[in-house]
Amino acid sequence: MAERRIHVEVTADRQFGTNSYLVEDEDSRDAVVIDANLEPELMVDLVRSRGVTVRAILLTHTDIDHIAGLVRLRQELGDVPIAVHGSEREVITEGQPLRREFARPLPTFDNVGLLMPGEVYRAGTLEFDVLHTPGHSPGGVTLSIGNALFTGDALFAGSIGRSDFANSDGQALLEGIRERLMTQPDDRLVFSGHGPVSTIGQERRYNPFL
Ligand SMILES: [Zn+2]
């Protein structure tokens, strides 16, 4: 099958600088949203201006700054599936906070599917490989499509995610990055949960945490 042409756009909220991505199939105009930052109206405007059809909302993990926009996105985009790793699914379906450090009531959602490591997640014509990159949180995943890796808060340009929360694991974080991200080709693009785009090659050479 021919490689699909993928187009990526980003919005970032002003409070945490959390990135939400719009990933489009340039031919079919199917799209997914990756993470739901604190300014979902930016993403809603972007979806409208790009004229794409959002088929799913994928979550790299469930820290509040990555899910706060879900209510608004669902209102505006319709009842599209939300997908998340199994170990954080109840954050979304039951409103159980991810962090005991930040316990507060959360909204609940239905139509929530699973991102299963080692398997493909299909949303319309888009197909994502799911890579487990835990450690910042138990269900942290990297979503891989075309030449793009969406690494959430595992790997950043020049840094890695926090692992000082009660349910973090610094060893697992480094292992996941080394085994599943640093084994990727140099030219693969790294779209992370915060900050600018990078490449695997750049992080291999310059990231002081690896
Ligand atoms: Zn974050």
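Here goes a summary of the coordinates provided. (Residues numbered from 1 in each chain as written. Predicted model: local features only at pLDDT ≥ 70, side-chain atom pairs only at ≥ 80, totals over all residues. Heavy atoms only, no water.)

Some thoughts on the overall build of the chain
Here is step 1 of the chain: Looking only at helices and strands, one finds 6 helices and 14 strands in the chain.
Here is step 2 of the chain: The C-alpha radius of gyration computed for the chain amounts to 16 Å, which stays within 12% of the reference 17 Å derived for 210 residues, consistent with globular compactness.
Here is step 3 of the chain: Dimensions of the chain, computed from the C-alpha atoms along their principal axes, are close to 45 × 40 × 30 Å.
Here is step 4 of the chain: The proportion of buried residues among the 210 residues of the chain is 51%.
Here is step 5 of the chain: Long-range pairs, those at least 24 residues apart, make up 59% of the contacts in the chain with a sequence separation of at least 6.
Here is step 6 of the chain: Of the accessible surface of the chain, which amounts to about 9,400 Å², a share of 49% is contributed by carbon and sulfur atoms. (Helix = DSSP H or I, 4+ residues; strand = E, 2+ residues; numbered from the N terminus. Rg over C-alpha atoms; globule rule 2.2 N^0.38 Å. Buried < 20%, exposed > 50% of the residue type's maximum accessible area, 1.4 Å probe, protein only. Contact = heavy atoms within 4.5 Å. Areas by Shrake-Rupley, 256 points an atom, 1.4 Å probe, with all protein chains shown as cover.)

A look at empty space enclosed by the protein
Here is step 1 of the chain: If you walk through the whole model with that rule in mind, you get 1 cavity of 30 Å³ or more.
Here is step 2 of the chain: Its boundaries defined by the atoms lining it, the largest cavity holds a volume of some 50 Å³.
Here is step 3 of the chain: In terms of lining, the largest cavity is formed by Thr 60, His 61, Thr 133, His 136, Ser 137, Gly 140, Val 141, Thr 151, Gly 152, Asp 153 and Ala 154.
Here is step 4 of the chain: Its residues placed into classes, the lining of the largest cavity shows 2 nonpolar, 8 polar and 1 charged. (1 Å grid on protein atoms, 1.4 Å probe; cavity = no way out; pocket = protein on both sides within 12 Å on 5 of 7 lines; lining within 4 Å. Points joined across faces, edges and corners; volume = space filled by probe spheres on them. Nonpolar A, V, L, I, M, F, W, Y, C, P; charged D, E, K, R; others polar.)

Regarding the coordination of the zinc ion
Here is step 1 of the chain: The zinc ion binds to the protein through Asp 65 (OD), His 66 (NE2), Asp 153 (OD) and His 194 (NE2), with metal-donor distances spanning 2.0 to 2.7 Å.
Here is step 2 of the chain: If you look at the zinc ion, its 4 donor atoms make angles of 84 to 168 degrees with each other, and the shape they trace is irregular.
Here is step 3 of the chain: Between consecutive donor residues of the zinc ion, the sequence gaps follow D-H-x86-D-x40-H. Of the two residues, Asp 153 sits in the loop between strand 10 (148-152) and strand 11 (155-156) while His 194 sits in the loop between strand 13 (189-192) and strand 14 (198-199), which places them 41 residues apart along the sequence.
Here is step 4 of the chain: Residue Asp 153 is classed as buried on the basis of its relative accessible area, which comes to 7%. (Donors = N, O, S within 2.8 Å, 3.2 Å for Na, K, Ca; no water. Tetrahedral: all angles 85-135°; square planar, octahedral: opposite > 155°, others 65-115°.)

A closer look at helix 3 (residues 70-77)
Here is step 1 of the chain: Among all positions in helix 3, only Leu 70, Leu 73, Arg 74 and Leu 77 are buried. One face of helix 3 carries all of its buried residues, which in axial projection span an arc of 100 degrees.
Here is step 2 of the chain: Positive backbone phi, at 90 degrees, marks Gly 78, one or two positions downstream of helix 3. (Arc of directions from axis to C-beta.)

Some details on the side chain of His 194
Here is step 1 of the chain: For His 194, a relative accessible area of 19% puts it in the buried group.
Here is step 2 of the chain: At 3.3 Å, the side chain of His 194 forms a polar contact with the side chain of Asp 65.
Here is step 3 of the chain: Engagement of the side chain of His 194 in a polar contact is seen with the side chain of His 66, the distance being 3.3 Å. (Polar contact = N/O pair within 3.5 Å; in protein donor to acceptor, adjacent residues only side chain to side chain.)

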